[in-house]
Amino acid sequence: MLLSLLLGLIWLSIALWFTSPYWVPALVERVGHANGFSLKLKQVSRPTLDGLRVGQLMLVNESLVLTVDDLSVSWTHPNSPNSRPPYTLLQRMLTLPSMARDPESDLLLIAVQATRVDLQSGRRLPMMLVPQDSTPASSEDRQAPVPERSGRKLAKLFEALGPEHTVYAQPPGFIPEIDLPFGLQIDATVKFDHLQVSANTGEAARDSDVSEQLGFVSKAFSAHVGGLGHRPMFLALATAGVLSLPSVWREYGKGHDTAQDGALSFSLDPQFPLRMEASIDQEAMRLDIHSSPLQAALSLGPDAADNAAWRLRGNLALSTAGLAPEFLLPAIGPVFMQPLPLRINEAAMELDADMWLDDSLLPHPIQPERAHLSADVTLDVSGPPGRLRFAQTLQLDREADGLKLDTSPGVYRLEPIAAWWQNNAWFQSTGLQSTVLQPWRVEQGAVNCSVERWQLAGSSLPDCNWPLGLSVEASQNSLALQLTPGAGPKGNASSADSFALPSSLILSLASSGQQLHELLPKRWSLNGGVEVLRPLTTSATDVWQIDLNDLALSFSNLERPEGSIDRLNLKIPQLHLRLPQQRAADGTFVLKAESIAGSGVAELDMQVRSEHLPVSEPVPITASFALETLKPTRAGSPDILLDVKALELAGLKLTARLRAVPEDRSAEGTLRLSGQPDRTLLNAALVDAVGELVPGLDVTPGTLLFKGAVGLDLSRPQPRWSAEGLLGLQQWQVITEKAEARRLTVSASLAASEQRVQVFSEGEALSTVSADLTLLGLPFPAAFVKLTTDLLYGPGRPPGSDAGIVGSVTLTKARIGAFLGEASLADSVTLPLPLSRVSEADPLHVPLHLRGIDLGALVALENEHIDASGTISGRLGLVYTGSSVQIPASAPGQLTADGGGRIQLKEAGQWQSMAGGNPQLLFAVGALGNFQYDSLKTSVIFDDDEWLKLDLELRGRNPEVMEARPIHYNLNVETNILSLLQSLEMTKNLSETLEQRLLKAYE
């Protein structure tokens, strides 16, 4: 029975061996289908004791096609060539581990050779290459668990072959030891006469479209794997071939979605010779690459002296000499909307590294010595926008006493092509000027620095060749920066105090140039220093301290649509800032101003033009001020105190102390304004404001003084302001076409805002106006008014009002010198504004009290041929109806002489000749030739037809007439007062006028 079973097994093995070329391909294909891919074998030969051969092997899945031609696998015993490996394998399967073994037959050498290997990959392969009985799985299906099929049991089968005592440990090194079943030891060698690897970069693979493929073709490829089974493992690869770049990298072509999506496309020689050698074993991992632009050598392995450390050594050299590659920079909107072709005129880089790493391949914390990294970089790129060139050498050494950084002086050159940028829509929309299209040169000074620890600590500062410098130049624009510690490294670098803690870092700035942007001035300069002090660390935050020292800003010709600054010079001697670093809600850190303190006084000198100013000439402004912060009025940023020591503008000097609240965007404080305003600027402003209402206005200013409190609120769309205090004007002169005020003096207690003006009466000396007036040529000296006002204008006017000013002016006291006497208000008067509010239905009553009016001056106003003396007093009640001024007949004005006086006609002979033969006129002329009155009474009526009516009663005598007997005159006079005031001279027909009046007197 046993013999029959043994013979049956032998017969079955022989049958399988003879029929293997027929059933093996079918079995392999079914296994592939069960595992989701297509695997086909062609021209399979019968296996021998020395190996096997397959004419062609093809493996296909969704994104991979592998084709191997003339694949042969052979196995031998290198130490026992006469032994057959299948016998050894069978013997090992039947030999117990405790039994003796032949060490010469433990090692198997497997050799794999192929004449051609072709590996293709892509985003998606044609459906004809996908196994028809297996639908390609989607991305979601691949993530879901897949039911186990028969082919998937292969992995478990190989797992079961391993002995139970196999331990996959990780000794120090790259490759762990792998124990094979039955104590076997295997080395494998793979050689391909022709290896072709390609990756499709398009959306679909096209066999004929090689321009879409990134490919590598090798004429010789070898791989050697050794150490399988109780020995240190190693893997070595070597190949030499040609690397081909796809067209989407070499040149941009329409229709390539990848390039349009932002891929960087190159225009290079499509064939790059490439030779590569790589090895990995217990000791190290090594990689050597040699090609036309690139050569690199890299090794990484455990340190022999420290099993916990890894040592990385390598060098890399890149040079495009003789290649002149081009690449297409993808569109970067809105700067440029089409890809840009650029050429690399020269690109070279040399990199050397030697450093120790920890298990995470990070810089080792306890191995500071012998770490070295150096780089030498050169780049020259040109294209339609311009050309960029720079060269730099860098060396970084980690030594026992710290980290050392050395860089050579660097020169960077940027040469824009003006024609391209000036035709660029983005450049035209930015407001940048042609000045920025000048060649730029950036120079960075050499840097030699060292620190005590691998990572910089807050309490240490690198020991460098201070100062560190950077300069930028472009035509007439220049910038120079210098960085220096405020107090720090001094003396020999090896001395104990070489890492003395610095108090600060100082950045010195010197810059000047021409206009770079339309919003910037035509010429500018900025100089000064910025000192950053070590942050003060608290339990909650770090507080940064920054000092601005000797800042000087100057520029000229800053143009704006609403005006310009012709010149500005600003000097700030020192400003100290405290900026706490706080964590925001999103986790980021922000700096907020905690305090600002100034040392010294800042100075400002400028000339401005503005459409809001009434003159076209530049207006000079000078100021000196200081800044500091105060405790905030509420939670948030601190308040800012602006102390204006002096501000001079248009002849005026301003001093102020204002407290600004940033959270509310408001400010308030005290202000003092004094001086003599510039006459030209003041008249231009007044003419612009009220010129149409007051023709012929001309103001000669005297002195001005305002002292009070002001406020400003910028939190609203329409800013609000307010001022309250005392206003004083001295020795002003105001002239119009019909009036003149000299020695004008104003003293007022007022409150004003953007919509309201109020004048208060507090005390005898406040809210008064005095001047010497002249109206229509008539003098009214010593005019005096005490008043209060409440006026609304601008946004304060009632809705629907078309008047410029709405409100009222109340005259509590008013007096004016008139005809050597005085006219004053008998009672307070309130004038409504605008005066159009006065009407006949609601007239304005102005009661006047006349005292000591000189009769001679009053008579001389009408007739210079009459001489009179004495004074008169009384009351006049003026009524303004909106269209006229009246003294109504219902309430005529009453005037009486304060005592006796005299009336005398000059040139009596002429008066008598004009009287002719009329005895009554002759008597009147004779009596008035030297009339001495004892009493004088008159009644005054001024009706709406502009006629002045006087009823005059005279009682007295003429010593030369009728023996000085008493004479009683009743004289009625009517005249057009406006015509009288305009002419201010007697009518030419004096005789006719006198005759008419005398006749009326005796009727």
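Residues numbered from 1 in each chain as written. Predicted model: local features only at pLDDT ≥ 70, side-chain atom pairs only at ≥ 80, totals over all residues. Heavy atoms only, no water.

**Notes on the packing of aromatic side chains**
- For the structure on display, the rule yields 6 aromatic pairs.
- With 5.2 Å between their ring centres and 25° between their planes, Phe390 and Tyr412 make a pair best called stacked. One end of the pair, Phe390, is in strand E18 (residues 386–399); the other, Tyr412, is in strand E20 (residues 410–416), and 22 residues separate them in sequence.
- Aromatic ring contacts, followed pair by pair, group Trp420, Trp421, Trp426 and Phe427 into a single cluster.
- Positioned above the aromatic ring of Phe784 is the side chain of Arg815, whose terminal nitrogen or guanidinium carbon lies 4.2 Å from the ring centre. (Phe/Tyr/Trp six-rings, centres within 6.5 Å; stacked < 30°, edge-to-face > 60°. Helix = DSSP H or I, 4+ residues; strand = E, 2+ residues; numbered from the N terminus. Lys NZ or Arg CZ within 6 Å of the ring centre and 35° of its normal.)

**A word on the environment of Thr703**
- Position of Thr703 relative to the elements: it lies in strand E38 (residues 703–713).
- Each C-alpha atom of the pair Thr703 and Gln676 lies 4.6 Å from the other, and the pair is 27 residues apart in sequence.
- When residues no more than four places from it in sequence are discounted, the contact partners of Thr703 are Gly675, Gly728, Leu729, Gln730 and Trp732. (Contact = heavy atoms within 4.5 Å.)

**Some thoughts on the state of the cysteines**
- A full pass over the atoms with the stated rule returns 1 disulfide.
- For Cys449, the disulfide goes to Cys464, at an S-S distance of 1.8 Å. Between Cys449 and Cys464, the S-S dihedral sits near 120°, and the bridge is therefore right-handed. Remark: Cys464 occurs in strand E23 (residues 463–464) and Cys449 occurs in strand E22 (residues 447–451); sequence separation between them is 15 residues. (Disulfide = S-S within 2.5 Å.)

**Digging into the side chain of Thr629**
- Its location among the elements puts Thr629 in strand E33 (residues 619–630).
- Overall, the relative accessible area of 16% leaves Thr629 in the buried class.
- Those residues in contact with Thr629 that sit more than four places away from it in its chain are Glu594, Ser595, Ile596, Pro638, Asp639 and Ile640. (Buried < 20%, exposed > 50% of the residue type's maximum accessible area, 1.4 Å probe, protein only.)

**A short note on helix H9 (residues 679–690)**
- For H9, spanning 12 residues, the distance from its first C-alpha to its last is 16 Å, which sits close to the expected 16 Å at 1.5 Å a residue.
- Where H9 is concerned, the buried positions are Leu681, Leu682 and Asn683.
- Considering only its buried residues, H9 is in contact with E33, strand E37 (698–700) and strand E39 (720–735).
- The distance from a side-chain oxygen at the start of H9 to the backbone nitrogen of Thr680 is 3.2 Å, and the residue carrying that oxygen is Asp678. (Expected span 1.5 Å × (residues − 1). Polar contact = N/O pair within 3.5 Å; in protein donor to acceptor, adjacent residues only side chain to side chain.)

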